[in-house]
Structures are given as structure tokens and as C-alpha cells.
Amino acid sequence: MKKTRAAGPHIPAEYELADVVSVQACVEGRADEIQQRRAMDWIINQASGMYEFQFYPSDRDTAFALGRGFVGQQIVKLTKLNASRGI
């Protein structure tokens, strides 16, 4: 039986070959626009689980899930800041 996130937040995010290629291309600085978008989408929606319900029966699992989600929140925050106004 395949484990899903319902089994706990520690279950690695699912990915397809195109996700792997896109993330690797971003890290190597050679990703095209489509790969950049796909990589960020995977990081925010799959790896961090930012938009998932992050509370579990176990406090430990909840803390783990909230930590994952925090990474996604920080990335999304940077995409929303007005860079022309400075930091």
C-alpha cells in the first residue's frame, strides 16, 4: 500500500520526472520559464504542503507539518513583496 500524506507529514511529497528535471534545472541556473514555474509550484504545493491542513492528532506531526508549511509561506511571501520599494 502506498503511503500518502494522510499517514503523516513525514511522508515525502510525490513527484514526477518533470518535477525532478525542473528543480534540478533551477538549481543549475538553466531552467526555462516553464521549468521555473513547475519547480516553484512543486516546492510550494507539494514539498511544503503550504495549502494543506497542517494539524494532526500528534503534536509532533503537527509541528513537523507546520515547519514544512512555514517554508512555503516564506517563499510565497517573497513573491508578493514589492521589490521596487526596497526591503
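Caption draft 1: Examining the overall build of the protein more closely. From N to C terminus, the protein includes three helices and zero strands. What you see in the protein, going N to C, is helices and strands ordered as α-α-α. Dimensions of the protein, computed from the C-alpha atoms along their principal axes, are close to 40 × 35 × 15 Å. Burial analysis of the protein (87 residues in total) assigns 28% to the buried set. Taking as baseline every contact in the protein between residues at least 6 positions apart, the subset at least 24 positions apart corresponds to 44%.

Caption draft 2: Representation of the side chain of Gln35 in the model. Take Gln35: it is sitting in helix H2 (residues 33–47). Take Gln35: its relative accessible area is 17%, and that puts it in the buried class.

Caption draft 3: Region of the structure containing the environment of Gly69. Locating Gly69 in the fold gives a position in helix H3 (residues 59–80). Residues Gly69 and Ile44 lie 25 residues apart in sequence; the distance between their C-alpha atoms is 8.3 Å.

Reading guide: rules and limits
- Residues numbered from 1 in each chain as written.
- Predicted model: local features only at pLDDT ≥ 70, side-chain atom pairs only at ≥ 80, totals over all residues.
- Heavy atoms only, no water.
- Helix = DSSP H or I, 4+ residues; strand = E, 2+ residues; numbered from the N terminus.
- Buried < 20%, exposed > 50% of the residue type's maximum accessible area, 1.4 Å probe, protein only.
- Contact = heavy atoms within 4.5 Å.

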